[in-house]
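Listed here are the chains, written in short residue letters.
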Amino acid sequence: MQSFSYSKAQTVDQAAGMDGRFIGGGTTLVDLMKQGVETPKTLVDITGLPLSSVETLPDGGLKIGAMVRNSDLAHHETVKAQYAVLSEALLSGASPQLRNMATTGGNLLQRTRCPYFRDTSYTNCSKRNPGSGCAAIGGHNRMMAILGTSEDCIATHPSDMCVALTALEATIHVQGPKGDRAIAIADFYKLPGTTPNVENALEPGELITHVTLPAPRKASKQVYLKLRDRASYEFALASAAVVAETSGGHIRFVRVALGGVGTRPWRSHEAEAALMGKPATATHFRAAAEAALKEAKPQSENGFKVELAKRCIVRALTTATA
Amino acid sequence: MASTTASPHGIIGRPVPRIDGPLKTTGTAQYAADFHLPGMVFAVPVQATVAKGTIRSLDVTAAQAMPGVLEVLHHGNVERIYRAVPNDPNATVSETRPPLEDNRIYYWGQYVALVVAETLEQATAAAAAVKAEYSAETPQVSGELEPFAGTWHTVSARGKVDEAFDAAAVKVDQTYGTPVETHNPIELHATVAAWAGDTVTFYESTQGVVNHRNAMAQILGVPRENVTVITKFLGSGFGGKLFPWPHCALAAVASRRVQRPVKLVVTRTMMFSNVGHRPLTEQRFRVGASADGKLVALRQDALNHTSMVDNFDEGCGEATPYLYSVPNLTVTSALVQRNVGSPMAMRGPGAVPGLFAMESAMDELAVALKMDPVELRLKNDASIDESNGQKFSSRHLRECLETGSAKFGWSKRTPAVGSMRRDGKVLGWGMAAASWGAYRFGCSTTVELGADGKVRARCATQDVGTGLYTIFAQVLAEKTGLPFERIEVLLGDTTMPEGPLSGGSWSTATVLPAVAGAADGAIASLLQIAASTPGAKLEGADAKTLRLTEGRVHRATESAAQGVPFETVLQAARLNRVSADSTSGSAFEDPKAKGLSMHSFGAQFAEVEWEPGIARLRVSRVVTVIDAGRIINPRAGANQIKGAVVMGVGMAMLEETVYDPRNGQPINGNLADYLMATCADSPEIDVTFLDYPDYALNSYGARGIGEIGLAGVAPAIASAVYHATGVRVRKLPIRIEDLLQSEMREA
Ligand SMILES: Cc1cc2nc3c(=O)[nH]c(=O)nc-3n(C[C@H](O)[C@H](O)[C@H](O)COP(=O)(O)OP(=O)(O)OC[C@H]3O[C@@H](n4cnc5c(N)ncnc54)[C@H](O)[C@@H]3O)c2cc1C
Ligand code: SF4
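What counts as what
- Residue indices begin from 1 for each chain and proceed along its sequence in written order.
- For this description, chains carry letters from A and ligands carry numbers from 1, given in the order in which they are written.
- With pLDDT at 70 or above as the cut-off, local features in this predicted model cover only qualifying residues; side-chain atom pairs require 80 or more to be listed or tallied, and sums for whole chains, interfaces and linings still use all residues.
- As a rule here, side-chain values cover all heavy atoms of the structure and leave hydrogens and water aside.
- Helix and strand assignments follow DSSP, with helices taken as H or I runs no shorter than four residues and strands as E runs no shorter than two, numbered in order from the N terminus.
- For a compact globule the rule gives 2.2 Å times the number of residues to the power 0.38, and the radius of gyration it is set against comes from C-alpha atoms.
- Each residue is assigned to one of three classes by its accessible area relative to the maximum for its type, calculated with a 1.4 Å probe on protein chains only: buried under 20%, partly exposed between the two thresholds, exposed over 50%.
- Residue contacts are counted whenever heavy atoms from the two residues lie within 4.5 Å of one another.
- Each accessible area value is a Shrake-Rupley result obtained with a 1.4 Å probe; residue values ignore everything except the protein chains displayed when judging cover.
- Under the convention used here, Asp and Glu are negative, Lys and Arg are positive, and both His and the chain ends fall outside the count.
- A charge is said to be at NZ when it belongs to Lys, at CZ for Arg, at CG for Asp and at CD for Glu.
- For the domain bounds, the source is a domain assignment made automatically or taken from a database.
- Note on terms: buried area is the combined drop in 1.4 Å-probe accessible area of two parts once they are placed together, counting the loss on both.
- Any Lys or Arg side-chain nitrogen located within 4 Å of an Asp or Glu carboxyl oxygen qualifies as a salt bridge.
- A 3.5 Å cut-off defines polar contacts: any pair of N or O atoms within that distance qualifies, except that in protein one atom must be a possible hydrogen donor and the other a possible acceptor, and neighbouring residues in sequence count only when both atoms are side-chain atoms.
- Every angle, taken between N-to-C directions, lies between 0 and 180 degrees, and every axis is a line fitted to C-alpha atoms, over only the stretch in contact when it is a helix.
- For any pair of crossing helices, the crossing counts as left-handed if the nearer helix is rotated counterclockwise from the farther one by less than a right angle, and right-handed if it is rotated clockwise.
- Here a strand pair is declared whenever DSSP counts at least two bridges between the two strands.
- Small angles under 35 degrees read as roughly parallel and large ones over 145 as roughly antiparallel, with 65 to 115 read as roughly perpendicular and the rest as oblique.
- Put simply, Ala, Val, Leu, Ile, Met, Phe, Trp, Tyr, Cys and Pro go in the nonpolar bin, Asp, Glu, Lys and Arg in the charged bin, and everything else, Gly too, in the polar bin.
- The near set for a molecule or strand comprises every residue that places at least one heavy atom within 4 Å of it.
- Here the expected span of a helix is defined as 1.5 Å times the quantity of residues minus one.
- Throughout, nonpolar core names a set of buried Ala, Val, Leu, Ile, Met, Phe, Trp, Tyr and Cys residues whose side chains join them through atoms within 4.5 Å.
- Any two of the Phe, Tyr and Trp rings considered here, Trp counted by its six-membered ring, make a pair once their centres fall within 6.5 Å; the pair's planes then place it as stacked at under 30 degrees, edge-to-face at over 60, or tilted in between.
- For a Lys NZ or an Arg CZ to count as sitting over a ring, it must be within 6 Å of the ring centre and within 35 degrees of the ring normal.

(A) Seen up close, the overall build of chain B. If you tally the helices and strands in chain B, you get 17 helices and 29 strands. A compact globule built from 747 residues should have a C-alpha radius of gyration of about 27 Å, and chain B, at 28 Å, falls within 12% of that. Oriented by its inertia axes, the alpha-carbon framework of chain B measures out at about 85 × 70 × 50 Å. Scored against the burial criterion, the 747 residues of chain B give a buried share of 64%. Taking the intrachain contacts of chain B between residues at least 6 apart in sequence as the baseline, contacts between residues at least 24 apart amount to 81%. Within the structure as shown, chain B displays about 26,000 Å² of accessible surface, and the carbon and sulfur contribution to it stands at 51%. Where the 69 positive side-chain charges of chain B centre and where its 77 negative ones centre are 2 Å apart.

Below is the structure:
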């Protein structure tokens, strides 16, 4: 671990202008600093910023401050009542201790759990050393992604929260040296391509200030389903966030996002297209699942994720339309 | 010696809380890494990043020049570290190659250098700055042990197994595998070594202070009496801390070099490469039976992997020769070398992986016979140990099976795969038998009664977290009638009389006779003194008619209240204390135990809940019935069994150390990626002890319970998984990948 300087930002304006690495709960950043993967020279502690409230917006939507802790967000009354998929996703992630520390902003930017990324003795990791190849291909890759991968990187985006936010079509608000902007979550995460080191749309110095959610669709049902080896404290092998609305037995609105299988929180437009207007039946759910995984590219050890993800989608849709 | 005391509390067999509980819950119990000595410095090893080859160059100049760095040890500058004498049972080491012996690399993570610095941070930074280059060769870490061309050796044989198998009406011939599992006690391995002149003291995380002292003396080239080892508390070891590992010698050598106390704490990641693991096993089982389910042939051919520098035999055939009655039996085993760190005994070594294979084969046989699996076990119950013709000292496997069946509700089981339901889930019910050896080794203990009104026991054994302090205290309470507040138990220090290694579930059985004998001796002296101290209340009494009850010396014909507090007796005699030593021998030399086959037995019944739609399976319920002699402390005992069952869930469903096939690195070496059962994975657990005393082993009739609880859990779960899903998993852990093979799609 190299030496670094530390300062605590007092205001959002001050933080957004500071040249350094923001630290929220530190559960990703400090861990990776100890591994020598992250080597910031300056840490800017943003936990003192007044960004820890959850507010209902005039349009009925929700504004979540970047400093809201994952536990607080999961147990927030409005979130539990109107954005259940988000609460469920958060509670399925990590452990209570980690959730108590983790912030909304930090969760959005958490990094992959790929073991080769976390170990600097592997020089062939394009996420760390652009253009160096990928140690996970041909290595231990059971947990790796099957959607959105490239020859340069197959790392899974690990977050549960972000899968729910993707299904909820969240917007990420940032403030930077050049001012404020709002980025739809669909545009926020980048596919690895040949530059897996570029993970999102943030510009240097930009601070995530909050996340907004559109007003909840009153008639919709929401489900987050996470499948994994053990019952707790494990990243998803496959997960699905579904927001669905049916009437007369037909699907009128649906959003499907997947976790544990994609290189970014994975919105499945293919599944949604296969479902819109169709009867809410097992046959159509399976067809949607097939559509979602059509482009899947499994590695040597994770072929099972294709079928598992399909089952996950089918079950989440079944529950959300029951 | 007959006991001269009453046992008013009936404290033996009572579920008393641990006497050391408050120290642990308040954080005042000192574990090895908690010792912080004046002037202490820190050592951090540098690990090889290849698994096979040689060190081409090692550049320590940058590290050496970093702030706080005192020394960088490596094979080019380290003093001689001696080898342990091969097969010396009193001075055993885990890895026979001393650290930094030469420039050869045998496994990923092997120590190639050691940095010593003023602070842990400085040592860690400098260790990262050591630059090693290797001539690397392709390592062999394959998880497949067959095809194997080496020599097998016979562990046990009777009859003509191959002919009997060929002729059998019903047969099972399958190969079963268990993965590498890493011991993950919460306390990391740690050594604090401090020299004073030519004597050295270790504050160690060891399951055997005496062996540790003996081995370190040998390795460091100093007399035994110059080495002291202290282990006041251990955050468990599961076998991984039985014998010293290379870091222990490195810490001592570093301390001798810099002439300061040195602390070396092995990191969690290093735990996966440098301090042992349960080796990979591959076991072919051939089981033949008559059409009505009587075993006629049983053959086990077991392979386990070992390291390049040690021949570690897991002993998978441990329970096979005696568990069932079968006229024709052969057990063979062989080792396969891999570029991995040396394996080490892990909770229930041999029997646990061996029983996974054998009990899975028995389950398959029951299916082939269309016979109830409990019925199959009962039918083949053995009345003598057929491997050697000996009688069992105490065997109640049949009752374990019957009691377990009743408690579990086994009679309601419908045998067809996927035929049981609850709350929209498929239920699977499975079972397995369990067994583990019963042992007793030599032990010496001192017990003293003090003029301060306290009774103390001293013994150089250690409490590995299982409750041994409390076992000592229970015996002292039984003998003296004193409450726990007036009892002190001092363990984990080699300046005390030699006690046993904490392994093989033998600690309780081993210490009981010694501590009881020493207490009796001290009490006899006390009564003698009471009778002969001029002017004292009991002067002139016949010592044989005196008793010690509730801490008071009195005439047998009178009540304790009419007697004298024992400390008053000592004070009147102007004695500071009265004490006695006692040494008890091993069961192997005991005429009472000779010629008997001594084992514990058990039955495990498991229930799984299966959601075929999403391939989700959870273990929901385990009923375990244990025949492990008399249970001295049912609370600590049940705690052992429950913990073992949870570990068994991990063994069945989760645990596996994965080596990168290209460079041999254990790639999931941390507690997030190496999956163990969490609280959320823990089933409802029902523990029953049959509590039949085994007096052949000791006068208390106690055997041990540390390991038997894990035996049989994984095969019971695998059997339940088959019953629920129709998928027979023969290679652990049982993964979602396997469950997806089930043809069932809906409950
Ligand atoms: C063992 C383990 C298991 C886990 N399991 C799961 C799991 O099952 N599911 C799951 O979803 N997650 C899991 N996590 C990840 C966890 O959710 C994240 O570590 C956490 O959400 C990160 O939040 P943080 O506030 O601690 O981030 P930090 O570590 O503080 O920051 C993470 C990154 O975000 C940047 N950052 C933080 N805040 C801002 C901001 N406001 N603006 C701009 N940049 C910012 C930091 O610079 C850093 O790069 C696990 C983590 C661990 C260690
Ligand atoms: S998957 Fe991505 S993060 Fe992992 S080794 Fe390959 S490039 Fe690196």
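Now that the structure has been shown, we can carry on.
(B) Structural detail: the overall build of chain A. Looking only at helices and strands, one finds 12 helices and 12 strands in chain A. Taking 2.2 N^0.38 as the reference for a compact globule, 322 residues should give roughly 20 Å; the C-alpha atoms of chain A span a radius of gyration of 19 Å, in line with that estimate. Along the first, second and third principal axes, the C-alpha set of chain A runs to 60 × 50 × 35 Å. Out of the 322 residues belonging to chain A, those deemed buried represent 57%. Partitioning the contacts of chain A with sequence separation of at least 6, the portion at a separation of at least 24 is 63%. Accessible surface for chain A amounts to roughly 12,700 Å². Of this, 52% is attributable to carbon and sulfur atoms.

(C) Structural context of the domain arrangement of chain B. All names here are of chain B. Segmenting chain B into domains produces domain 1 (21-30 + 441-585), domain 2 (33-139 + 183-271) and domain 3 (350-436 + 596-746). On the domain 3 side, the residues contacting the nine residues of domain 2 number 11 residues. For the pair domain 2 and domain 3, the summed buried surface comes to about 780 Å²; carbon and sulfur atoms form 66% of the total. On the surface where domain 2 and domain 3 come into contact, there are zero salt bridges. The interface formed by domain 2 and domain 3 contains one residue pair in polar contact (both at pLDDT 80 or more).

(D) Just unusual backbone geometry, in detail. All names here are of chain B. A cis amide bond links Glu 146 to the next residue, Pro 147, at an omega of -5°. The topology assignment puts Pro 147 in the loop between strand E6 (131-136) and strand E7 (153-158). Even without being a glycine, Lys 370 presents a positive backbone phi close to 55°. Residue Lys 370 is classed as exposed on the basis of its relative accessible area of 79%.

(E) Looking closely at the pattern of salt bridges. Residues and elements named next belong to chain A. Tallying each qualifying case throughout the model produces 67 salt bridges over all chains. For Glu 38, the salt bridge is made with Arg 111, and the minimal N-O distance between the two is 3.3 Å. In this pair, Glu 38 is assigned in the loop between helix H2 (29-34) and strand E3 (42-45) and Arg 111 in the loop between helix H7 (104-108) and helix H8 (161-167), connecting sequence segments 73 residues apart. Residue Arg 111 is classed as buried on the basis of its relative accessible area, which comes to 17%. Glu 199 is the salt-bridge partner of Arg 111, the closest N and O atoms lying 3.0 Å from each other. Pair noted here: Arg 111 is in the loop between H7 and H8 and Glu 199 is in the loop between helix H9 (185-188) and strand E8 (207-213), with a separation of 88 residues, a long-range link.

(F) Here's a closer look at the packing of helix H12 (residues 468-480) of chain B against helix H13 (residues 507-532) of chain B. Residue and element names in this part refer to chain B. Contact pair H12 / H13: the axes reach a minimum separation of 10 Å and the direction vectors enclose 35°. Handedness of the H12/H13 crossing: right-handed. Each of Leu 468, Ile 471, Phe 472, Val 475, Leu 476, Lys 479 and Thr 480 in H12 lies in contact with H13, whose residues at this interface are Ser 507, Thr 508, Val 511, Leu 512, Val 515, Ala 516, Ala 519, Asp 520 and Ile 523.

(G) How the structure looks around the sheet that holds strand E9 (residues 190-196) of chain B. All names here are of chain B. Here seven strands make up an open sheet; going across it, the order is E3-E5-E1-E12-E9-E10-E11 and the pairing mixed. A strand with exactly one partner marks an edge of an open sheet, and here the two such strands are strand E3 (69-74) and strand E11 (227-230). When the angles between neighbouring strand axes are averaged without regard to direction, this sheet yields 20°. Here strand E1 (residues 41-47) pairs with strand E12 (residues 262-265) via two bridges, running parallel. Note on E12: the bridge partner recorded for Phe 42 is Lys 263. In the packing of helix H3 (residues 120-129) onto the sheet, the strands contacted are E1, E3 and strand E5 (111-117), and the crossing angle to E1 comes to about 20°. The strands touched by helix H6 (residues 246-258) within the sheet are E1, E3, E5, E9, strand E10 (199-204) and E12, with E9 carrying the most contacts at an inclination of about 30°.

(H) The side chain of Gln 110 of chain B, seen in detail. Residues and elements named next belong to chain B. By the element assignment, Gln 110 lies in the loop between strand E4 (104-105) and E5. Accessibility expressed as a relative area gives 3% for Gln 110, which makes it buried. From its side chain, Gln 110 meets the backbone oxygen of Arg 104 in a polar contact 2.8 Å long.

(I) Structural detail: the packing of helix H5 (residues 209-220) of chain B against H6 of chain B. Residues and elements named next belong to chain B. Following both chains from N to C, one finds H5 and H6 inclined at 55°, their axes separated by 11 Å at the closest point. By the angle between their directions, the pair H5 and H6 is classed as oblique. In this structure, H5 crosses over H6, and the sense of that crossing is right-handed. Seen from H5, the contacting residues are His 212, Met 216, Ile 219 and Leu 220; seen from H6, they are Cys 248, Ala 249, Ala 252, Val 253 and Arg 256. Taken together, the residues of the contact of H5 with H6 break down into seven nonpolar, one polar and one charged.

(J) Focus on the site of ligand 1. Of all residues adjacent to ligand 1, which total 33 residues, the nearest are Phe 22, Gly 26, Thr 27, Thr 103 and Asp 160 of chain A. Two or more chains meet at ligand 1, and those chains are chains A and B. Side-chain polar atom of Asn 107 of chain A to an oxygen atom of ligand 1: 3.4 Å apart, as the coordinates give it. Relative to its free-state accessible area of 980 Å², ligand 1 is covered by the protein chains to the extent of 95%. When contributions to the shell around ligand 1 are tallied by element, the ones reaching two or more residues are strand E2 (21-23), H7 and E8 of chain A.

(K) Geometry of helix H9 (residues 351-369) of chain B. Residues and elements named next belong to chain B. With 19 residues, H9 should cover 27 Å at 1.5 Å per step; its first-to-last C-alpha distance of 25 Å lies within 8% of that length. Counting buried residues along H9, 17 of its 19 residues qualify, which places the element largely inside the surrounding structure. Lys 370 occupies a position one or two residues after H9 and carries a positive phi of about 55°.

(L) Representation of the interface of chain A and chain B in the model. Each partner contributes residues to the interface: chain A has 30 residues there, and chain B has 30 residues. Both faces considered, chain A and chain B share a buried interface measuring about 2,600 Å² in area, 52% of it formed by carbon and sulfur atoms. Interface area lost by chain A to chain B is led by Asp 229, Arg 230 and Arg 311 of chain A, which between them contribute 25%. Where chain A touches chain B, the interface holds four salt bridges. Between Glu 611 of chain B and Arg 315 of chain A there is a salt bridge, and its shortest N-O distance comes to 3.6 Å.

(M) Broad picture of the nonpolar core. Within the largest apolar cluster, 134 residues are counted, with the highest numbers of intra-cluster contacts made by Leu 258, Leu 293, Leu 308 and Leu 317 of chain A together with Leu 365, Met 653 and Ile 717 of chain B. Take this core: its biggest share by element is 11 residues, from H9 of chain B. Contact partners of Leu 308 of chain A, with chain neighbours within four places excluded, come to Leu 227, Leu 237 and Ala 238 of chain A together with Ile 614, Ala 615, Ile 736 and Leu 740 of chain B. In terms of nonpolar packing, the next biggest core, distinct from the first, is built from 53 residues, Ala 29, Ala 451, Ile 487 and Leu 526 of chain B among them.

(N) Molecular detail of the packing of aromatic side chains. Residues and elements named next belong to chain B. Throughout the structure, instances matching the rule amount to 19 aromatic pairs over all chains. A ring pair is formed by Phe 408 and Trp 410, whose centres lie 6.1 Å apart and whose planes are at 50°; its orientation type is tilted. Since its relative accessible area comes to 3%, Phe 408 is described here as buried. On the numbers, 5.7 Å between centres and 35° between planes, the contact of Phe 408 with Phe 605 is tilted. Of this pair, Phe 408 sits in helix H11 (residues 397-408) while Phe 605 sits in strand E27 (residues 599-611), and the two are 197 residues apart along the sequence. Accessibility assignment for this pair places Phe 408 and Phe 605 in one class, buried. These aromatic residues form a ring-pair network of at least three members: Phe 408, Trp 410, Trp 429 and Phe 605. It is Arg 728 that lies over the ring of Tyr 722; its NZ or CZ is 4.1 Å from the centre.

(O) Highlighting the sheet that holds strand E14 (residues 295-306) of chain B. Residue and element names in this part refer to chain B. As summarised here, the arrangement of the five strands in space is E7-E15-E14-E13-E8, forming an open sheet in which the pairing is mixed. Strand pairing shows two members of the sheet lacking a second neighbour, E7 and strand E8 (170-178), which therefore form its edges. Sheet twist, expressed as the mean angle between neighbouring strand axes with direction ignored, is 10°. Strands E8, strand E13 (281-289) and E14 of the sheet are contacted by H9, whose axis makes an angle of about 150° with E8.

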